[in-house]
Amino acid sequence: MKSDTVIIDFFLVGAARCGTTSLYNYLNNSENIFLPRVKEPNFFSDVDSPKAEDFKPPKPGVSYHAKIINDTKIYSDLYIDALDHQIKGDTSPSYIWDTNVAKKLYRHNPKAKIIISLRHPVDRAYSHYIMNYYTGSEKNDSFEAALKSDKSSIWGSCNEYLAMGFYYPQVKAYYDVFPKEQIKILVYEDWTKNIEYEILSIYNFLGIAVTEYVICEEVESNKIQPIKKKALLNMLRQNKIKGAIKSVISQDRIDALKSYFFNDDSKEIEKIDPELRQELSKKFKQDILKLSDLTGINFKTKWEQ
């Protein structure tokens, strides 16, 4: 799928659970960057979702975390308010998981800049599991059980927790078509500890000026919130019930009610068992070595802790 009416200047292509929401918000602080209100349009990827609302066209002026947009005009209209001096970006993590996307983006704009954030693959997998569990798409009460369950590659409820962490073929798809000078690799463990330096480096990579406001302004992340009354919340998340609720209550009001009735501030997110983490890490040894050779970044050293 391609767009003939809008040219996107840069793509933050993932990976999922590697800080793309925070990066989206930091980039959105700049007056020289235009990002649509749909954080993840998923226009260039071949993805699906069990959520009916993901396919509904976004309403003007309303913010969405994700949509699956298949219509060229709807995608182009996301950027209708972009000013002439602003560079336009798309921040869809599905673009790295779907390895056919790299060629599509190159055909769309061979001069586009590509940003990729990567996290220790086991930590990424566990974060993905926890997110799915608390948002209702994962029914297994333990990470180990989830790893053994039947797999679903449907993007909106994907549970390919480990498979998504084999980064080498996903990243190589971009190195195969884009000049390496147009690709910036971010190490999640580095940039989250040194926000100011890394955000400056991203702005330099994109060739735009940065102000102190961009760095200092606190941004939201896609943080996982422990919940209570999970069974009731999952029932309310069913498409028919959710649709009926949304027809009479605004999304802001829904978010406020959800926070009041279901968020459990007395709990902390469970941490992965260290022995399991160590054992699972062995599966990625060869992939990490090849990724390091490809990118020139020593991921083995960065992820050995």
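Above this text you will find the structure in question.
Just so you know, these numbers come straight off a predicted model, no measurement behind them. (Residues numbered from 1 in each chain as written. Predicted model: local features only at pLDDT ≥ 70, side-chain atom pairs only at ≥ 80, totals over all residues. Heavy atoms only, no water.)

1. Examining the nonpolar core
Phase 1: Counting residues in each nonpolar core, the largest one holds 54 residues, and the members touching the most others are Phe11, Tyr75, Leu105, Leu118 and Tyr174.
Phase 2: Examining the composition of this core, we find that seven residues originate from one element, helix 5 (residues 121-135), more than from any other. (Core = buried A, V, L, I, M, F, W, Y, C linked by side-chain atoms within 4.5 Å. Buried < 20%, exposed > 50% of the residue type's maximum accessible area, 1.4 Å probe, protein only. Helix = DSSP H or I, 4+ residues; strand = E, 2+ residues; numbered from the N terminus.)

2. Brief notes about helix 1 (residues 20-27)
Phase 1: Extensive coverage of helix 1 is indicated by the burial of eight of its eight residues.
Phase 2: What helix 1 keeps buried is the set Thr20, Thr21, Ser22, Leu23, Tyr24, Asn25, Tyr26 and Leu27.

3. Focus: the sheet that holds strand 5 (residues 87-90)
Phase 1: Spatially, the five strands line up as an open sheet ordered 2-5-1-6-7, and their pairing is parallel. Sheet topology places strand 2 (33-34) and strand 7 (183-187) at the edges, where each strand pairs with a single neighbour. (Pairing = 2+ DSSP bridges.)

4. Side note on the layout of surface pockets
Phase 1: Of the voids in this model, the second largest pocket is the one considered here, and its volume is about 310 Å³.
Phase 2: Along the walls of the second largest pocket sit 13 residues, with Ser281, Ile288, Lys300, Trp303 and Glu304 positioned nearest its centre.
Phase 3: Broken down by secondary-structure element, the contributors of at least two residues to the lining of the second largest pocket are helix 14 (274-281), helix 15 (285-295) and helix 16 (299-302).
Phase 4: Grouping the amino acids of the lining of the second largest pocket by side-chain chemistry returns four nonpolar, four polar and five charged. (1 Å grid on protein atoms, 1.4 Å probe; cavity = no way out; pocket = protein on both sides within 12 Å on 5 of 7 lines; lining within 4 Å. Points joined across faces, edges and corners; volume = space filled by probe spheres on them. Nonpolar A, V, L, I, M, F, W, Y, C, P; charged D, E, K, R; others polar.)

5. Here we look at the environment of leucine 200
Phase 1: Mapped onto the elements, leucine 200 comes out in helix 9 (residues 195-206).
Phase 2: On the basis of relative accessible area, leucine 200 is assigned to the partly exposed category, the value being 29%.
Phase 3: For the pair leucine 200 and valine 210, spaced ten residues apart in sequence, the C-alpha separation works out to 7.0 Å.

6. Topic: the packing of helix 1 against helix 9
Phase 1: The contact between helix 1 and helix 9 brings their axes to 11 Å, and the two run at 65°. It follows from the interaxial angle that helix 1 and helix 9 lie roughly perpendicular. In the packing of helix 1 onto helix 9, the handedness of the crossing is right-handed. Residues Leu23, Tyr26 and Leu27 of helix 1 lie in contact with helix 9, whose contacting residues are Ile195, Ile199, Ile202, Tyr203 and Leu206. (Axes fitted to C-alpha atoms, helices over the stretch in contact; angles between N-to-C directions. Parallel < 35°, antiparallel > 145°, perpendicular 65-115°, else oblique. Left-handed = near helix turned anticlockwise from the far one by under 90°. Contact = heavy atoms within 4.5 Å.)

7. Some details on unusual backbone geometry
Phase 1: Of note, the amide linkage connecting glycine 14 to alanine 15 takes the cis form, showing an omega dihedral of 5°.
Phase 2: Among the structural elements, alanine 15 can be located in the loop between strand 1 (10-12) and helix 1.
Phase 3: Even without being glycine, arginine 17 reaches a positive phi, approximately 65°.
Phase 4: Within the secondary structure, arginine 17 sits in the loop between strand 1 and helix 1.
Phase 5: Using a relative accessible area of 15% as the deciding quantity, one classes arginine 17 as buried.
Phase 6: Of note in this structure, asparagine 42 is not a glycine but carries a positive phi near 55°.
Phase 7: For asparagine 42, the location among the structural elements is in the loop between strand 3 (38-40) and strand 4 (64-66).
Phase 8: Relative accessible area serves as the criterion here: at 1%, asparagine 42 is assigned to the buried category.

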